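One-letter residues, chain by chain:
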Amino acid sequence: MLEAMKKRRAIRNFESREVERDKIETLLTAATYAPNDRMREPWHFYVLQGESLKRYEQVALDYLQKRFPAKPHLVKSSMEAITKTPLIIVVTSAIVEGDEGATKDNVFAVSSAIMSMWLMAEQLGLGMVWRTRGVGLVHDTALHDFIGASGKEQLVGTLCIGYPAEEIAAEKKRTPFAEKTTWL
Ligand SMILES: Cc1cc2nc3c(=O)[nH]c(=O)nc-3n(C[C@H](O)[C@H](O)[C@H](O)COP(=O)(O)O)c2cc1C
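Below you will find a few notes about this structure. (Residues numbered from 1 in each chain as written. Predicted model: local features only at pLDDT ≥ 70, side-chain atom pairs only at ≥ 80, totals over all residues. Heavy atoms only, no water.)

Okay, helix H3 (residues 50-67) next. End to end, H3 covers 26 Å across 18 residues, agreeing with the expected 26 Å (1.5 Å per residue, within 8%). All buried positions along H3 are accounted for by Ser-52, Leu-53, Tyr-56, Glu-57, Ala-60, Tyr-63 and Leu-64. Take H3 and look down its axis: the buried residues cluster within an arc of 155°, on one side only. What points out from H3, more than 90 degrees from its buried face, is the exposed set Glu-51, Lys-54 and Lys-66. Where H3 is buried, its residues touch strand E1 (43-48), helix H4 (72-83), strand E2 (87-94) and helix H6 (142-147). (Helix = DSSP H or I, 4+ residues; strand = E, 2+ residues; numbered from the N terminus. Expected span 1.5 Å × (residues − 1). Buried < 20%, exposed > 50% of the residue type's maximum accessible area, 1.4 Å probe, protein only. Arc of directions from axis to C-beta. Contact = heavy atoms within 4.5 Å.)

What follows is the structure in structure tokens.
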């Protein structure tokens, strides 16, 4: 288990080939086994490929051009995160009206589900990165509106997935736990 966790990497460059339907379904199945408070199973998955992903490109382009009107190079490089990704899964978490604690717990559960998908992706020979910033558009309304999420859902992750087209670093240095741990 520890080896698998050490090997997991954020992958941002993908081959153009499509991800097979059965592999996508395995990723989604892995997600649904995540721990979650009171079995609210607060996640929802929006799968973008092919034509729907093409339509999302336009939404992201409009957003970036509005946000960075004087930085066309930044817009162009940011767009590659979508145009060179064959599969995007947007994951949302249910908002529990009037219960901030439960709403937060739902985000924790959805984060666990995303981590399960990340590890599952590696085992399936896929690469993945969890994006929130830039074209991840988690902190904006544009992607929320595009996928048709309800007002009772909040975006947690935009997962870019595909077959890796980059050298995968064996291990990324981490601060030893001793520097992050207080034994009481
Ligand atoms: C909540 C969250 C948000 C992230 N957002 C982005 C993002 O917007 N763009 C990006 O390139 N990577 C993003 N990442 C990936 C991190 O940059 C990456 O996990 C980190 O650099 C550690 O590298 P590793 O995953 O290969 O260990 C995000 C990761 C998490 C957990």
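After presenting the structure, the write-up continues.
The next subject is the sheet that holds E2. The strand order across the open sheet built from four strands is E1-E2-E4-E3, with neighbouring strands paired in antiparallel fashion. Pairing within the sheet leaves two strands with one partner each, and these edge strands are E1 and strand E3 (127-131). Direction aside, neighbouring strands of the sheet carry axes that sit 25° apart on average. Relative to strand E4 (residues 153-162), E2 is paired through eight bridges, and the arrangement is antiparallel. For Ser-93, the partnering residue across the bridge sits in E4 and is Gln-154. Running at roughly 165° to E1, helix H2 (residues 21-32) makes contact with E1, E2 and E4 of the sheet. Here H3 sits on the sheet and contacts E1 and E2; the angle it forms with E1, its principal contact strand, is near 95°. (Pairing = 2+ DSSP bridges. Axes fitted to C-alpha atoms, helices over the stretch in contact; angles between N-to-C directions.)

Counting through the fold element by element, Asp-37 comes out in the loop between H2 and E1. Using a relative accessible area of 32% as the deciding quantity, one classes Asp-37 as partly exposed. For Asp-37 and Gly-162, which are 125 residues apart along the polypeptide, the C-alpha to C-alpha distance reads 31 Å. Among the polar contacts listed, one links the side chain of Asp-37 to the side chain of Arg-40, at a separation of 3.1 Å. (Polar contact = N/O pair within 3.5 Å; in protein donor to acceptor, adjacent residues only side chain to side chain.)

Here the focus is the site of the ligand. Inspection of the region around the ligand gives Arg-8, Arg-9, Ala-10, Arg-12, Trp-118, Val-129, Trp-130, Arg-131, Thr-132, Arg-133, Lys-172 and Arg-174 as its neighbouring residues. Lys-172 places a polar side-chain atom, nitrogen or oxygen, 2.9 Å from an oxygen atom of the ligand. In isolation the ligand has 620 Å² of accessible area, and contact with the protein removes 73% of it. Examining the composition of the shell around the ligand, we find that three residues originate from one element, E3, more than from any other. (Near = heavy atom within 4 Å. Areas by Shrake-Rupley, 256 points an atom, 1.4 Å probe, with all protein chains shown as cover.)

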